[in-house]
Amino acid sequence: MPLATARVATTRSARHIKQLVSHMGHKVTTTLGPDGRGTITVASGTCTLMPTPDTLELTAAAVDAEALGRVQDVITRHLVRFATQEQLTVDWSAPIDGGDLEPLAPAVSDYLFSQHTPADEVLGGLAAATRDAVGEAAHMQVSSDEGALLTMLTRLTGARFAVEVGVFTGYSSLCIARGLSDGGRLLACDISEEWAAIGRPYWQKAGVADRIDLRIAPALETLRALDEEPVIDIAFVDADKPAYPAYYEEIVRRLRPGGLVVLDNVFLGGRVLDPAYQDERYVAMRRLNDLITTDDRVDSVMLPVRDGVTIARRR
């Protein structure tokens, strides 16, 4: 459980962050963002520091509880030492497992579900058919609010050529296809004809089946077979997580200027935030999240929608 947080009461949070970053910078790796957010990386882990008007918010992370304790000790000692004009109290939370994090409080999540354009009968029918056909695996289907977001983004980009990596039963495919401009086409990539077949009747009912080109093959093969020209207007990735970095690269190089790539599950249940999780899928997602942030080909934002959604726009 290698995450811990602390809220330190102070009206000088921004000043304290600058002091820590400045005085510790010659011993450890530090960064200070234009928003005042600081990051201090020591041998045992990392601590982020966020200023607010009346508190300094700390989040420490490490690969195990022992290393976490060392991070907390280093940050606490230096913070208290440098705060010469006030007495600070740093009370760390009990260690937290990333898998137990709630990006949104349940009440907020429920409210968001009720405050978007509701799914119509076709989408509702497909959601019900998915639950009946696949049982617990239905959680792999995008939520109705995320589906509404996909339709809106597709329309806002005026998309004529869209790409989807990971179709499942076709709910997100339907949402993207509905947002396409006249004559638009969705290249939908998956490896399961059986699951995709659940969505076909609903694509027909929605009148978008002729817009969806379903390719049953490894998605990387399909993507790499595309022209190198930047022709993709919008892409949605919701497939096998270890391959996300490869999907992202193949898509971004083919995005037109102003085009979008949307990536689902960038939190992976909160475990991406927790360095104790070292399985391939978590390591790959962390690497991709960091890459997108520093990728000078795109502008990006990460949203706390369901399990985390990143939207990157090609410059």
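Residues numbered from 1 in each chain as written. Predicted model: local features only at pLDDT ≥ 70, side-chain atom pairs only at ≥ 80, totals over all residues. Heavy atoms only, no water.

Novice: Go over the packing of helix α6 (residues 171–179) against helix α7 (residues 193–206), please, and point to the residues and values.
Specialist: At a closest axis distance of 10 Å, the pairing of α6 and α7 adopts a crossing angle of 25 degrees. Regarding the angle of α6 to α7, the classification is roughly parallel. Of the two possible hands of crossing, α6 and α7 adopt the one that is right-handed. When α6 is examined against α7, the residues S173, L174 and R178 are found in contact with a partner set consisting of Y202, W203 and A206. Split into classes, the residues belonging to the contact of α6 with α7 amount to four nonpolar, one polar and one charged. (Axes fitted to C-alpha atoms, helices over the stretch in contact; angles between N-to-C directions. Helix = DSSP H or I, 4+ residues; strand = E, 2+ residues; numbered from the N terminus. Parallel < 35°, antiparallel > 145°, perpendicular 65-115°, else oblique. Left-handed = near helix turned anticlockwise from the far one by under 90°. Contact = heavy atoms within 4.5 Å. Nonpolar A, V, L, I, M, F, W, Y, C, P; charged D, E, K, R; others polar.)

Novice: Which residues make up the sheet that holds strand β7 (residues 185–190), and what are the values?
Specialist: Spatial strand order, β8-β7-β6-β9-β10-β12-β11: seven strands in an open sheet with mixed pairing. Each edge of the open sheet is held by one strand with a lone partner, namely β8 (212–216) and β11 (298–303). Put simply, the sheet's adjacent strands are angled 15 degrees from each other on average, direction ignored. With four bridges connecting them, strand β6 (residues 161–165) and strand β9 (residues 232–237) associate as parallel partners. The partner of A162 across the bridge, within β9, is I234. Here helix α9 (residues 244–252) sits on the sheet in contact with β6, β9, β10 (255–264), β11 and β12 (309–314), set at roughly 160 degrees to β10. (Pairing = 2+ DSSP bridges.)

Novice: Let's hear about the pairing of β7: which residues, and what values?
Specialist: Burial analysis of β7 places five of its six residues in the buried class, the great majority of the element. Pairing of β6 with β7 involves five bridges; the strand directions are parallel. The partner of V163 across the bridge, within β7, is L187. For the segment spanning β6, α6 and β7, crossover handedness is right-handed. Both β7 and β8 contribute to a ladder of five bridges, which runs parallel. Directly across from L187, in β8, lies its bridge partner D213. The parallel pair β7 and β8 is bridged by α7, and the resulting crossover is right-handed. (Buried < 20%, exposed > 50% of the residue type's maximum accessible area, 1.4 Å probe, protein only. Right-handed = clockwise from strand over helix to strand, strands pointing away.)

Novice: Could you give me a rundown of α6, with the residues and numbers involved?
Specialist: By the criterion of burial, α6 is predominantly enclosed, with eight of the nine residues buried. Listed as buried for α6 are Y171, S172, S173, L174, C175, I176, A177 and G179.

Novice: If you had to explain the nonpolar core to someone new, which residues and values would you point to?
Specialist: Residues Y171, L174, L186, W203, I212 and V262 are the most contacted members of the largest nonpolar core, which totals 37 residues. At six residues, the largest contribution of residues to this core is made by helix α4 (residues 121–134). When sequence neighbours within four positions are dropped, the list of residues in contact with L174 reads V122, L123, L126, Y202, W203, A206 and V208. One finds C189, V261, M285 and V298 within the second-largest nonpolar core, a separate group that totals 31 residues. (Core = buried A, V, L, I, M, F, W, Y, C linked by side-chain atoms within 4.5 Å.)

Novice: Could you give me a rundown of unusual backbone geometry, with the residues and numbers involved?
Specialist: When glycine is set aside, most residues are seen to have a negative phi, and most peptide bonds are trans. The phi dihedral of F168 is positive, around 55 degrees, even though this residue is not glycine. Along the chain, F168 falls in the loop between β6 and α6. Of the residues examined, F168 reaches a relative accessible area of 10% and is grouped as buried.

Novice: Go over the sheet that holds strand β3 (residues 38–42), please, and point to the residues and values.
Specialist: Read across the open sheet, the five strands follow the order β1-β5-β4-β3-β2; overall the sheet is antiparallel. At either margin of the open sheet sits one strand with a lone partner, and together these are β1 (3–9) and β2 (29–32). For this sheet the average axis-to-axis angle between neighbouring strands, irrespective of direction, equals 15 degrees. Note that β2 and β3 share four bridges and pair antiparallel. When the sheet's bridge partners are listed, T29 is paired in β3 with T41. Here helix α2 (residues 65–82) sits on the sheet and contacts β1, β3, β4 (45–51) and β5 (55–62); the angle it forms with β5, its principal contact strand, is near 150 degrees.

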